Amino acid sequence: MERILVIEDEREIAELERDYLEMNGFAVDIEGDGEAGLQKALQEDYDLLLLDLMLPGTSGFEICRKVRKEKELPILMITAKTSDIDKVRGLGLGADDYIVKPFSPNELVARVKAHLTRYQRLVGKEDNKKDIRVRGLHIDSSSRRVFVNGEEKTLTAKEFDLLEFMALHPNRVFSKDDLMERIWGFDALGDNTTVTVHVRRIREKIEENASKPTFIETIWGVGYRFLA
């Protein structure tokens, strides 16, 4: 049974999330304080983290940053904020997705299932991974590590998944919606701003000049393609 940690200071919302997730077969713990939630996330083994942004003690942004440094698990941010700046910041710190309040409990469950399924599918097929080398870029799929001219670059789980997928399909153009569905495992539920942020961060890590990318090219009005 997958374990989920909900860090949410609004008790009614936290209990609603727990009730719906438990009805769908998940084991759920709740923590209402940011600092206590951070320690719980770091010290115990969870399969997914549901994280509110506005928390007493330690903010959701800070929790995301610290957890992502230590662990690879899906992190979904729950926020009342609709500003793209907050979404970009959260994704930039390593969050896999965000859900804006108010939200449908069924939407929450669907996203949780999608992220867990995607993660389990990725970690379950390590033996079939390929080793990709393109112009100084080395993607070691078996160990999920990335090197540029011999120097290792640290990518989040979703950044790696996106880069690897595009590199395995070189010179093919994918729309943001295509990438959202293939990497995040759903389409209509997602906001393709997620893809834009992840591409930008990948470029910052693997390109010599992120403003003049040589690996991931933007096809204006269409999407992106990996140049082999």
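Before any of the text, the structure's been laid out above.
What counts, and at which threshold
- Residues numbered from 1 in each chain as written.
- Predicted model: local features only at pLDDT ≥ 70, side-chain atom pairs only at ≥ 80, totals over all residues.
- Heavy atoms only, no water.
- Helix = DSSP H or I, 4+ residues; strand = E, 2+ residues; numbered from the N terminus.
- Buried < 20%, exposed > 50% of the residue type's maximum accessible area, 1.4 Å probe, protein only.
- Contact = heavy atoms within 4.5 Å.
- Areas by Shrake-Rupley, 256 points an atom, 1.4 Å probe, with all protein chains shown as cover.
- Axes fitted to C-alpha atoms, helices over the stretch in contact; angles between N-to-C directions.
- Parallel < 35°, antiparallel > 145°, perpendicular 65-115°, else oblique.
- Left-handed = near helix turned anticlockwise from the far one by under 90°.
- Nonpolar A, V, L, I, M, F, W, Y, C, P; charged D, E, K, R; others polar.
- Pairing = 2+ DSSP bridges.
- Core = buried A, V, L, I, M, F, W, Y, C linked by side-chain atoms within 4.5 Å.
- Arc of directions from axis to C-beta.

Draft legend 1. Representation of the overall build of the protein chain within the structure. Helix and strand content of the protein chain: eight helices and 12 strands. Expressed as a percentage of the 228 residues in the protein chain, the buried residues total 48%. The long-range fraction of contacts in the protein chain, counting pairs at least 24 apart against all pairs at least 6 apart in sequence, stands at 59%. Only carbon and sulfur atoms are counted for the fraction: they give 46% of the accessible area of the protein chain, which is about 10,900 Å².

Draft legend 2. Main features of unusual backbone geometry. Looking along the chain, the bond that leaves Lys 101 and enters Pro 102 is cis, with omega of -10°. As for its placement among the helices and strands, Pro 102 is situated in the loop between strand 5 (97-100) and helix 5 (105-123). In the Ramachandran plot, Arg 135 falls in the positive-phi region, its phi being about 45° despite a non-glycine side chain. One can find Arg 135 in the loop between strand 6 (131-134) and strand 7 (137-140). The backbone of Asn 171 shows a phi angle near 65°, a positive value even though the residue is not glycine.

Draft legend 3. Just the packing of helix 2 (residues 34-43) against helix 3 (residues 60-70), in detail. The N-to-C vectors of helix 2 and helix 3 enclose an angle of 10°; their axes lie 10 Å apart at closest approach. Viewed along their axes, helix 2 and helix 3 adopt a mutual orientation that is roughly parallel. Once helix 2 is placed against helix 3, the crossing between them reads as right-handed. Of helix 3, the residues touching helix 2 (which contributes Gly 34, Leu 38, Ala 41 and Leu 42) are Ile 63, Lys 66, Val 67 and Glu 70. A per-class count over the contact of helix 2 with helix 3 returns five nonpolar, one polar and two charged.

Draft legend 4. Expanded view of the sheet that holds strand 2 (residues 27-31). Strand order in the open sheet formed by five strands is 2-1-3-4-5, with parallel pairing between adjacent strands. Each of the sheet's edge strands pairs with one partner strand only, and the pair in question is strand 2 and strand 5. Neighbour-to-neighbour, the strand axes of this sheet turn through a mean angle of 20°, independent of strand direction. As defined by bridge partners, strand 1 (residues 3-7) adjoins strand 2 across five bridges and the pair is classed as parallel. Note that in strand 2 the partner of Ile 7 across the bridge is Glu 31.

Draft legend 5. Up close: the nonpolar core. In terms of nonpolar packing, the biggest core is built from 26 residues, with Leu 137, Leu 163, Met 166, Leu 179, Ile 206, Ile 216 and Phe 226 touching the most fellow members. Those elements giving two or more residues to this core turn out to be strand 6, strand 7, strand 8 (145-148), helix 6 (157-167), helix 7 (176-184), helix 8 (193-206) and strand 12 (223-226). Ranked by residues supplied to this core, first place goes to helix 6 with six residues. Setting aside chain neighbours within four positions, we find Leu 179 in contact with Leu 162, Phe 165, Met 166, Phe 174, Trp 184, Val 195 and Tyr 224. If you look at the next biggest cluster of nonpolar residues, it comprises 20 residues, including Ala 41, Tyr 46, Ile 63 and Val 197.

Draft legend 6. Broad picture of helix 3. Listed as buried for helix 3 are Gly 60, Phe 61, Ile 63, Cys 64, Val 67 and Arg 68. Down the axis of helix 3, the buried side of the element spans an arc of 160°, and every buried residue falls inside it. Turned more than 90 degrees off the buried face of helix 3, the exposed positions are Lys 69 and Glu 70.

Draft legend 7. Inspection of the packing of helix 7 against helix 8 at higher detail. As a packed pair, helix 7 and helix 8 sit with axes 9 Å apart at the nearest point and diverge in direction by 85°. Judged on the interaxial angle alone, helix 8 and helix 7 are roughly perpendicular. Between helix 7 and helix 8, the contacting residues are Lys 176, Leu 179, Met 180 and Trp 184 on the first element and Thr 194, Val 195, Thr 196 and His 198 on the second.

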